[in-house]
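# Examination of the molecular architecture
This is what each chain is made of:
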Amino acid sequence: AGSIGIQVFNTTDSRIHFNQIGKFETGIKFTGAGSNVGTAYNQFHLGAFIDCKRGVWIKNITGVGGEGFANDNTCFGGNWNFNAAEGTNVAGTRHLLIDTNSSVGAGWHFVHPSLQDTGNVTEYVAEVQGNYNTFDAPYFESGAGTPTMYWGAGTIGNVVRGGTNVDKVAEAIGGAGTSNQMIRILTNKVLTAVKTFDTTDEGKVIIANVTGGGTFTLPNVAFRSPGTRITVKNVNATTITINTVADPIDGGTTVTLVQWASKTFVSQQLPAANWITV
């Protein structure tokens, strides 16, 4: 507990290569402290993180001559994984944690990180408490369960742009005021039976071809990032109904789609958690 493999402290304008790091509570901690100093404008080439409770932890050290900062860095690669014997959805486990501080967690760019979890050990593959961070083409893998990205309350401008298995990744939200984006790959999905929509349906056009009609259910907005879209098109002659578990649709409870009708449902949390239709 409390162990750190490598700490990168008040480092700027550098290029650093890491190899394999394992068995620490934190593999690498990127941090800074002091007045107007910190860790920024670097290129970090990441290696393998084996069985670290937190592979990468981005957080400032406070109370040491000022807060400092840790932002505006680029990380290339990186391979995260756990020993399956650690357990399932272990509390506190994250491949990557961008932590809270007023001057931390902005402008980090992760290029093709491999956020694997073949044993379904992680509670969250990544937790983001900062703003305007970008993940390009990450590789998501889970042997069981669903990998989950966690967006902290009030976080904005964070983007996951595509990547392997991005359609299978869930999103968890720590509170209101979030505005982040996960750009998914598959755009169309044909359904021949009614269902409750889930994370595999988000961002897609759902082609509903259900002979007997029925009711499709949207997921609770409180557990979805604002801006999440689900488009439903009814191609069958039988009318279908869209409803919600808890949060309303434009202040109502249901939407009816006749044949060839199409409607896009967009999640929002402000001013209240609901689905709006466009």
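This text goes with the structure placed above it.
Let us look at the structure shown here. (Residues numbered from 1 in each chain as written. Predicted model: local features only at pLDDT ≥ 70, side-chain atom pairs only at ≥ 80, totals over all residues. Heavy atoms only, no water.)

Glancing now at the packing of aromatic side chains. In total, this model carries ten aromatic pairs according to the counting rule given. A centroid spacing of 6.3 Å and a plane angle of 20 degrees characterise the contact between Phe44 and Trp108, whose relative ring orientation is stacked. Of this pair, Phe44 sits in strand 6 (residues 43–50) while Trp108 sits in the loop between strand 10 (90–98) and strand 11 (109–111); the two residues are 64 residues apart in sequence, bridging distant segments of the chain. Classification of Phe44 by relative accessible area gives buried; the value is 0%. Centroid distance Trp108 to Phe110: 6.1 Å. Interplanar angle 15 degrees. Geometry classified as stacked. Put simply, the rings of Phe18, Phe30, Phe44, Trp108, Phe110 and Phe135 touch in pairs and so form one group of aromatic residues. Looking at Lys29, its charged tip hangs above the ring of Trp57, at a distance of 4.4 Å from the centre. When the ring centre of Trp57 is taken as reference, the NZ or CZ atom of Arg54 above it lies at 4.1 Å. (Phe/Tyr/Trp six-rings, centres within 6.5 Å; stacked < 30°, edge-to-face > 60°. Helix = DSSP H or I, 4+ residues; strand = E, 2+ residues; numbered from the N terminus. Buried < 20%, exposed > 50% of the residue type's maximum accessible area, 1.4 Å probe, protein only. Lys NZ or Arg CZ within 6 Å of the ring centre and 35° of its normal.)

This next bit is on the sheet that holds strand 27 (residues 274–277). Spatially, the five strands line up as an open sheet ordered 20-21-23-26-27, and their pairing is mixed. Each having just a single partner strand, strand 20 (188–191) and strand 27 make up the two edges of the open sheet. If you compare each strand with its neighbour and ignore which way they point, the axes differ by 25 degrees on average. Where strand 20 and strand 21 (residues 205–208) come together, four bridges link them in parallel fashion. In the sheet register, Leu191 faces strand 21, and the bridge partner there is Ala208. (Pairing = 2+ DSSP bridges. Axes fitted to C-alpha atoms, helices over the stretch in contact; angles between N-to-C directions.)

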